[in-house]
Structure formats: C-alpha cells, structure tokens
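# Structure assessment
Residues per chain are reported as follows:
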Amino acid sequence: ESPCADVENFFEFLRRRPGPDGRPVSGRLGLPIPSGEGCWHRCQYISEEKTEAELEAAGWERAWHGCKMESVYSILYHGRLAESR
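Since this is a predicted model, take the numbers as computed values, not measurements.

Glancing now at the confidence of the model for the protein. Residue-level pLDDT values for the protein average 81, and 94% of them are 70 or greater. When mean pLDDT is compared element by element in the protein, helix α1 (residues 7–15) scores highest at 90, while strand β2 (residues 41–42) scores lowest at 78.

Moving on, we get to the nonpolar core. Counting residues in hydrophobic clusters, the biggest one holds 7 residues: F10, F11, L14, V25, L29, V72 and L76. Counting residues per element, this core draws most heavily on α1, which supplies 3 residues. Residue contacts for V25: discarding those within four places in its chain leaves L14, R17, P18, G19, Y73, L76 and Y77.

What counts, and at which threshold
- Residues numbered from 1 in each chain as written.
- Predicted model: local features only at pLDDT ≥ 70, side-chain atom pairs only at ≥ 80, totals over all residues.
- Heavy atoms only, no water.
- pLDDT = per-residue confidence, 0-100.
- Helix = DSSP H or I, 4+ residues; strand = E, 2+ residues; numbered from the N terminus.
- Core = buried A, V, L, I, M, F, W, Y, C linked by side-chain atoms within 4.5 Å.
- Buried < 20%, exposed > 50% of the residue type's maximum accessible area, 1.4 Å probe, protein only.
- Contact = heavy atoms within 4.5 Å.

Dropping the structure here:
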C-alpha cells in the first residue's frame, strides 16, 4: 500500500497560505470528500466570480481532475489553471 498524505495537515497548510486578497487560499475549496479510492479526496472549487448555476448556463460541466499537491496552492492563489511549460 502506498503512503497517504493526511488531508487535515494539507488543509492546515492551505489555511496558513494567503491569497492575493490576504485571505487563506483554503477558502476556495469545499470540504474534502474521500473518493473511496485509497488516498484520493475530492474538493469542490469555489469560484468567487460566478455561481455554479451561471457556469452551468454557460455550458460548463462539473469534472474532477487530479493534480500534484504542490500545484494546488498555485491554482488556488491565481484562481485558474496555468499552462504547463
């Protein structure tokens, strides 16, 4: 069995990291929900710009994407995904 990160420790890390507005970046995520697949958890991204209904009306569909933990802070800080280089 592969090692798992403690999700509470990770959220504490995010609570201590301010975004551009000075508030913790953890505020952009919903509560972690275990996926039932080992260490994986799902967290809803909370958009400050558009409601979920507005996104759905614009043709967006909810999807889940895995990423490395070190990428999460950058995504939350900037409020968007960045192109890989």
